[in-house]
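Geometric and topological summary
Each chain is listed here by its residues.
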Amino acid sequence: MTLRATFLLLATVLAAEPLSATDAAAVPLRFSIPGAGLSSALTILATQAGIEILFSDKLVGERLVPPLSGEMTVDTALETLLAGTGLVFRRTGDGALIVSRPLDAPTLAAAEDGLPEILVIGRRVENSDIRRTEGDIQPYRVFTRREIENAHTGSIDAFARTRLSANTQTIAPGQNVRSGTGSNRSEINLRGLGASQTLLLVDGRRLPGISQPLGGDLQPDINGIPLELIDRIEALTATAGGIYGIGATSGVLNVVLRHDYNGGEVALTTGLTSRGDTFERRIFGRFGLSFNGGRTGVMVAAGHSRADPLLVRDRDYLRGARERALANDPENFLATYPAGNGINVFADSDLVLDESQGGAALGAKRTFIPLGLGASTGVRNTLLLVNAGTTELSAVDAGRRNTITTRPDVRSIFADFRHDFGGGFVAFANILSNRNIGRSSLGGQSTAFTSIAADSALNPFQQDVVIAAPVPGTGIDTVSRITTTRYTIGLLTPLSGDWKMNLEYNGGGTRSLFTTTSVLGSGDLFDAIFFGQVPGKPALDPLADWASFVAAAPAYLGRSTSVAPRTNEFDDATLRVAGPVANLPGGAMTLTLLGEARREVTARSVTSQISEAFRFTSPYPRIEQRVLSLYGETRVPLFADRGLLSGLEFQLAVRQDWIRLLVPGPPAVVNDDPVVITARNTSPALTFGTRFRPLPGVLVRGSIGTGSLPPTSDQITRVEVTGGDFRGDPARGGRQLGSEGDVTFLYAGNPDLRSERARSLLIGTVLTPAGDTGPRLSIDYTRIVKRGEIQEFPLADVDALLAAEPLYASRITRAPLTDADRALGFTAGRITRLDFGLRNIGRTRIDAIDVAIDYPFEVANLGRFKAYLNATWEPHYRQQNVAGGPVVERVGFADGPLEWRGNAGIDWSRGPWSAGLNAQFYSRYRVTSALPDAFGNEELLAYNGRSRVPAQIYVDLAGRYRFDDAQPVPRGTEIRAGIVNLFDHRPPTIADLSSSGVSYYGDPRRRRVEVTVAVPLQGNR
């Protein structure tokens, strides 16, 4: 965009009039609502208008309304339905409409903010949490259904990576095909503290976790939830243990589902890159039905999505990374003997063909020949001469479909039932089940593991060489199958004084199956490359006829399979009561109380390693966690209008969690009836905050919050080894450890670990100079401090520990110093125990500022616009792994959060048309890890020739068209289209040979086009 065009656009935006709530309400829509109960009619109206209408079933009661059809505004339609009922409605700042009695409106306005949504709204939402808004006391970020649709991301994880600026997750499991077990699961990491410290909820309720193949639990998977099933996503990026309990040390993400009991839709989505690969297809269907005068509602939704993976051969990323490493550090790079999609040859001196091959000198230490040559040595030798001094660096293919991204296959079903018995008694039940399968392929093995002597028949040169050729058929295939199921049964009952009670039970679990199939060369392959042939097997010569090499290779390969099944069972019973406590000048003071008992069990299972030569099984023990919780939250709106204290409101949430973790002790490895270790922790937490409006259009808010993260099963499981060590004890004349009696060495976990503690401070302001529906600017500062982080002991060496005994005396246990010891000049008793286990010794401090701007406006004859920006500046993530140790700044490093991250754009709508442009920004960062002496840092700096990865910007374009009754398709049908990475920006190259070769912040697929056709079903028209 030119400077002049930019100036004209800004002038247009600044001169435009902000779009008011009155303007938005004045847009006429066509409605068709059958005669029914008022409750059902309000639900249908909300569905057809695409808005939220909040009401109490008890308030609406048994009222009946006549049919309503025609073109009119939402306000007119609602006034018509409420005519003669004695009820009124009002509009909230976030666009929702609330139905109430005339005298109840001020009271209800405050009460709605302080009660669990399921107890207030009733019909369309079963969110057990209080409805959170962006103008709340805590700075929640709320994403609407339309924002999610316009992003065209395909999964919740991808949406959070591109639109939630506080999500610092560097690499998605679907991109991490080298160590992600092929998984397509989600992983969201707010503020950079780790995925285990971001709590994920669906409708305000927890999900079962996922047990890893090697131990420990993963964050629950929400990638199986179809995006079309989501009503909104609420995110809080600060410690919130007082509200949500353990695990919310860095924040919470709550996915609120749609609960529509009238009509439905079918949506078909296809996507393809501009290069014609990674074809994606999704189908989603939802249908709801109300009967018994709207008292009974049933909804069923299902979705299925699949996508082709991005193959290594589809992009030149790996070649680009290798070329950079070769250009910047040729000596060390070539010393790795890289294998490409050809046969590379390396030597320590300039290559010279053997006299029998013509004796030509190549004048270089390396060369290559392409794959697929025949038996002609003349052609081979000519190519060796022509390619002298070069190396084939393209990614190894050799017939395999090696992947850069996972191949996902996701199926989901959601069923929801609700019945109103009258008098405020409502029963509900639902089940959500997602099966998420991911597949990935790595390969292949190279022959570059031994040098071939000059006199070998396989060597056409006069000196020893290393031949790096891909071994056909070798590689590693991984499959991750994760099925997550949660069902809910609940009852809503009225209590006295407008209080309500919610009693519910949540159950379900996660079934995971991780399978890895490896095809690699056997020991004979080494001998065959070195000697040319192994007795009883065909000759193996990669520099001869390639077809013969391909045919002979399978005789030297071996297949092995690892199968790791895991099952998690989940039970959660809650009793929740809520209601108004008192009427205050600012509205109703509300109180929510909750008691909860939760249990999650990882069943005992067996991991199997199977090959042609052996079968090995490894037991995985039973692990159980039990949590009892008490929680209370109150909202106290003190004043309505009181000068500088106008709108003054306080929030206080207090929670106490009692955690009991049962894991087997070390005998579990060999004993079917192990000793059980019980680790108990208590986690008190609170959230306290306030907001007020000192001036019109100015909101000031602030809060503090605490939370905790209890130790996991693998963190408390200790490994004990009894024996000795060859090193001597300096306090006892250098006598070897164990020579005077056995020493117990403690490694890994520690059953005495405490919960990690977190505390957050939030201060912010929200500016709305034209009211709640006009321009909006919010700036919020967040500080999170964690203490008692569970860290490994920095001194893993016996000599280092003994030398630092004055600093770490608690880790060295000695017998008493005897008179005989003193007579020998010893200064301490013999060592009986050395502790290298985990301790609560770490500390972290995070500082961040979040900025959000919304500017809605209207331009005559052009339509409505909204410009917006959401950005996070995180200047500091300082971590100290041990008291007195160095403080490490993690911001701006490859394994830490970015300093700047955000997105900005503009949306436009006019009649049935709408479009949006969104640009995502990722600031530059270092190619190395934050720890200066981390393994690989020196190599990364040398290979890349620079210390930083440049900043990245990706632009997406989205548009949609909604058909009206004049079209030959069902009313409400939508066509949505999006171009992701509109300008086909290539992610920056990174010469990290263990990665895909580019920055993980960019989508390696590059420009992608996606189209959705959504057709409403009868009842939603």
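Bear in mind the structure is a predicted one, so any value in this text is a computation, not a measurement. What you see as residue numbers is a count from 1 along each chain, following the sequence as written. Two thresholds apply to this predicted model, a pLDDT of at least 70 for residue-level local features and 80 or more for giving and counting side-chain atom pairs, whereas whole-chain, interface and lining totals are computed over all residues. Side-chain measures here rest on the full set of heavy atoms in the structure, leaving out hydrogens and waters.

As for a nonpolar patch on the surface
Rules: Each patch is built from residues lacking any salt bridge and having more than 30% relative accessible area; the joining distance is 9 Å for like charges and 5 Å for nonpolar side chains (Val, Leu, Ile, Met, Phe, Trp, Tyr). Note on areas: Shrake-Rupley with a 1.4 Å probe; residue coverage comes only from the protein chains shown. Within this document, salt bridges are pairs made up of a side-chain nitrogen of Lys or Arg and a carboxyl oxygen of Asp or Glu, the two lying within 4 Å of each other. Secondary structure elements follow DSSP: runs of H or I no shorter than four residues count as helices, runs of E no shorter than two count as strands, and numbering proceeds from the N terminus. With a 1.4 Å probe rolled over the protein chains alone, any residue whose accessible area is under 20% of its type maximum counts as buried; one over 50% counts as exposed, and the rest are partly exposed.
A cluster of nonpolar side chains, namely Leu652, Val654, Leu686, Phe688, Ile704, Leu761 and Ile763, defines an oily patch on the protein surface of about 540 Å² accessible area. Contributions of two or more residues to the nonpolar patch are made by β30 (646-664), β31 (676-695) and β37 (756-767). Mapping leucine 761 onto the fold places it in strand β37. Here leucine 761 falls in the partly exposed class, since its relative accessible area comes to 34%.

Here we look at the sheet that holds strand β36 (residues 743-748)
Each strand in a sheet pairs with its neighbour through backbone hydrogen bonds, running either in the same direction (parallel) or in the opposite one (antiparallel). Our working definition: At least two DSSP bridges between two strands are required for those strands to pair. To obtain an axis, a line is fitted to C-alpha atoms, over the contacting stretch when the element is a helix, and the angle between two such axes runs from 0 to 180 degrees between their N-to-C directions.
Reading across the sheet, the four strands line up as β33-β36-β40-β39 and stay open at both edges, with mixed pairing between neighbours. The open sheet terminates on both sides in strands that have one partner only, identified here as β33 (718-723) and β39 (812-814). This sheet shows a mean twist of 15 degrees between the axes of neighbouring strands, independent of strand direction. By the bridge criterion, three bridges tie β36 to strand β40 (residues 831-835) in an arrangement that is parallel. Its bridge partner lying in β40, phenylalanine 745 is registered against leucine 834.

With respect to the confidence of the model for the protein
Stated precisely, the cut-off is as follows: Confidence of the predictor at the level of single residues is captured by pLDDT, which takes values from 0 to 100. Whether two residues touch is decided by their heavy atoms; if any such pair falls within 4.5 Å, the residues are in contact.
On average, the protein scores 88 in pLDDT, and the residues at 70 or more come to 92%. Scored below 50 in pLDDT, residues 1-24 shows 29 contacts in the model against residues more than four places distant or in partner chains. Segment residues 104-110 is flagged for pLDDT under 50; beyond a separation of four residues in sequence, or across chains, it makes 14 contacts in the model.

Side note on helix α14 (residues 523-531)
To keep it simple, the criterion reads: Arc definition: it is the arc formed by the directions from the helix axis to the C-beta atoms.
For α14, the set of buried residues is Leu525, Ala528 and Ile529. Seen end-on, α14 carries its buried residues on one side only, within an arc spanning 95 degrees. Contact partners of the buried residues in α14: β24 (500-521). Following α14 by one or two positions, glycine 532 has its phi on the positive side, about 100 degrees.

Structural notes on the pattern of salt bridges
Using the criterion set out here, one finds 65 salt bridges in the structure. A salt bridge links glutamate 149 to arginine 976; the nearest nitrogen and oxygen atoms lie 3.5 Å apart. You can see glutamate 149 sitting in helix α8 (residues 145-151) and its partner arginine 976 sitting in strand β49 (residues 974-980), a full 827 residues away along the chain. Residue aspartate 657 pairs with arginine 655 through a salt bridge whose shortest N-O separation is 3.3 Å. Using a relative accessible area of 2% as the deciding quantity, one classes aspartate 657 as buried.

Thoughts on the pairing of β24
In the sheet, strand β23 (residues 475-494) pairs with β24 via 20 bridges, with the strands oriented antiparallel. Along β24, the bridge assignment pairs threonine 493 with methionine 501. Between β23 and β24, which pair antiparallel and follow one another directly, the connecting turn spans five residues, one of which, glycine 497, has a positive phi of 65 degrees. Relative to strand β25 (residues 557-584), β24 runs antiparallel, the two sharing 22 bridges.

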